Amino acid sequence: YVTIDKAGNRRFDIQTSRGCPYECTFCYSTKIRRHWRAFSAKRTLEHIRFLRDNHDIKHFRIFDDNFFVDMKRSYDIIKSFEEEFDIKYKIDGCRIADLDKMDDEMLELLEKTGCFELQVGIEAGSDRMLKILKKGTNLEQIRRVTKRLKNYNIWIYYEFVCGHPYETPDDLKMTTD
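Right, let's walk through the structure included here. Only a predicted model underlies this, so the values are computations on that prediction, with no experimental measurement involved.

### Some details on the pairing of strand 5 (residues 59-63)
Then step 1. Here strand 2 (residues 10-14) pairs with strand 5 via four bridges, running parallel. Residue pairing in the sheet places Ile14 in a bridge with Ile62 of strand 5.
Then step 2. Bridge analysis of strand 5 against strand 6 (residues 88-94) gives five bridges, and the strand direction is parallel. For His59, the partnering residue across the bridge sits in strand 6 and is Lys88.
Then step 3. Read from strand 5 through helix 3 (residues 71-84) to strand 6, the crossover connection turns out right-handed.

Encoded structure:
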């Protein structure tokens, strides 16, 4: 459905892929749809083109479980934004490990093509909890990526999971800190 933001822009939420190949212990995806399936870059761009041309949509929220599973596919989509589209977009569904693998060219391309926000599942601020949650990351990597992303004009929105059965008060304090 179309939403209108505070500036009066028409925004549409799109999903370009479903599922996630990772094994985070808290996630519904591992139980329901562990397999990752995606529209091709071509199909995704046809969808965006249709919305732009027929419904005057120039702002998008891509809300995949994990947009960057196939980095070549993600690059092809974003590179096409540079070549054909004048849009603004945010990506909900990123992993720190994927952002850490990105080179400067990809991050610059995100910024240049209108990406204004990345929503990233951090989940915990404790290495112990990150291991229990099977996130495949650690605090050092989170800090490194956060520091690196400060060089770009992209807002980073981190998500956390609190209240896990094995989370201690110390783990929760580390997360809130």
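Now that the structure has been shown, we can carry on.
### Comments concerning the packing of aromatic side chains
Then step 1. Applying the stated criterion across every chain, the model contains three aromatic pairs.
Then step 2. When the centroid spacing of 5.0 Å and the interplanar angle of 85 degrees are considered together, the rings of Phe67 and Phe68 count as edge-to-face.
Then step 3. Here Phe67 falls in the buried class, since its relative accessible area comes to 0%.
Then step 4. Between Phe81 and Phe85 the ring centres are 5.9 Å apart and the planes differ by 85 degrees, which places this aromatic pair in the edge-to-face class.
Then step 5. We classify Phe81 as buried; its relative accessible area is 2%.
Then step 6. In textbook terms, an aromatic cluster arises when at least three aromatic residues are bridged by ring pairs, as seen for Phe81, Phe85 and Tyr89.
Then step 7. Geometry around Phe39 places Arg43 over its ring, the cationic atom sitting 5.1 Å from the centre.
Then step 8. The cationic tip of Arg95 hangs over the ring face of Tyr22; the distance from NZ or CZ to the ring centre is 3.8 Å.

### Considerations on the pairing of strand 7 (residues 115-123)
A regular strand places its side chains on the two faces of the sheet in alternate fashion.
Then step 1. Most of strand 7 is tucked away: eight of the nine residues are buried.
Then step 2. Of the strand pairs in this sheet, strand 6 and strand 7 are connected by five bridges, and their pairing is parallel. If you follow Cys94 over to strand 7, its bridge partner there is Val120.
Then step 3. Pairing between strand 7 and strand 8 (residues 155-160): six bridges, direction parallel. Note that in strand 8 the partner of Glu117 across the bridge is Trp155.

### Some words on the pattern of salt bridges
Then step 1. Within this structure, the stated rule accounts for 18 salt bridges.
Then step 2. Asp98 is the partner of Lys101 in a salt bridge, and the nearest nitrogen-oxygen pair spans 3.9 Å. Residue Lys101 and its partner Asp98 are both found in helix 4 (residues 96-101); the two are separated by three residues, about one turn of the helix.
Then step 3. Its relative accessible area of 2% is what places Asp98 among the buried residues.
Then step 4. Residues participating in the shared-partner salt-bridge network are Arg11, Asp13, Arg61 and Asp92.

### Observations regarding the side chain of Asp64
Then step 1. With respect to the helices and strands, the residue Asp64 is situated in the loop between strand 5 and helix 3.
Then step 2. For the buried Asp64, no salt bridge is present, and the opposite-charge side chain at shortest range is Arg73, 4.3 Å distant.
Then step 3. Reaching out from Asp64, the side chain makes a polar contact with the side chain of Thr16 at a distance of 2.4 Å.
Then step 4. In terms of polar contacts, Asp64 uses its side chain to reach the side chain of Ser17, at 2.8 Å.
Then step 5. Contact partners of Asp64, with chain neighbours within four places excluded, come to Ile14, Gln15, Thr16, Ser17, Arg73, Asp92 and Gly93.

### Here's the deal with the nonpolar core
Within soluble globular proteins, side chains that are nonpolar tend to cluster in buried spots.
Then step 1. Grouped together as the largest cluster of nonpolar side chains are 41 residues, with contacts concentrated most on Phe60, Phe68, Tyr89, Ile91, Leu99, Leu110 and Leu118.
Then step 2. Residue contacts for Phe60: discarding those within four places in its chain leaves Arg11, Phe12, Ile14, Ile48, Leu51, Ile87, Lys88, Tyr89 and Lys90.

What counts and what doesn't
- Each chain has its residues counted from 1, following the order in which its sequence is written.
- Side-chain atom pairs in this predicted model are given and counted only at pLDDT of 80 or more, local residue features only at pLDDT of at least 70, and totals for whole chains, interfaces and linings cover all residues.
- Side-chain calculation: all heavy atoms of the structure are included, whereas hydrogens and water are not.
- Only strands joined by at least two bridges in the DSSP assignment are considered to pair.
- Starting at the N terminus, helices and strands are each numbered in turn, a helix being any DSSP run of H or I of at least four residues and a strand any DSSP run of E of at least two.
- Seen with its strands pointing away from the viewer, a crossover is right-handed when the path leading from the first strand over the helix to the second is clockwise.
- Planes of paired rings set the category: under 30 degrees apart is stacked, over 60 is edge-to-face and the rest tilted, where pairs are Phe, Tyr or Trp rings (Trp by its six-membered ring) whose centres lie within 6.5 Å.
- The rule is simple: take the accessible area with a 1.4 Å probe, protein chains only, and divide by the maximum for that residue type; under 20% is buried, over 50% is exposed, in between is partly exposed.
- Put simply, a charge is over a ring when the Lys NZ or the Arg CZ is close to the ring centre, within 6 Å, and near the line of the ring normal, within 35 degrees.
- We count a salt bridge whenever a side-chain nitrogen from Lys or Arg sits within 4 Å of a carboxyl oxygen from Asp or Glu.
- Here the positive residues are Lys and Arg and the negative ones are Asp and Glu; neither His nor the chain ends is included.
- For the purposes of these results, a polar contact is taken to be a pair of N or O atoms within 3.5 Å, where, inside protein, one atom must be able to donate a hydrogen and its partner to accept one; residues adjacent in sequence count only when each atom of the pair is a side-chain atom.
- In this description, contact between two residues means that some pair of their heavy atoms is separated by no more than 4.5 Å.
- Each nonpolar core is a collection of buried residues, namely Ala, Val, Leu, Ile, Met, Phe, Trp, Tyr and Cys, held together in the definition by side-chain atoms within 4.5 Å.

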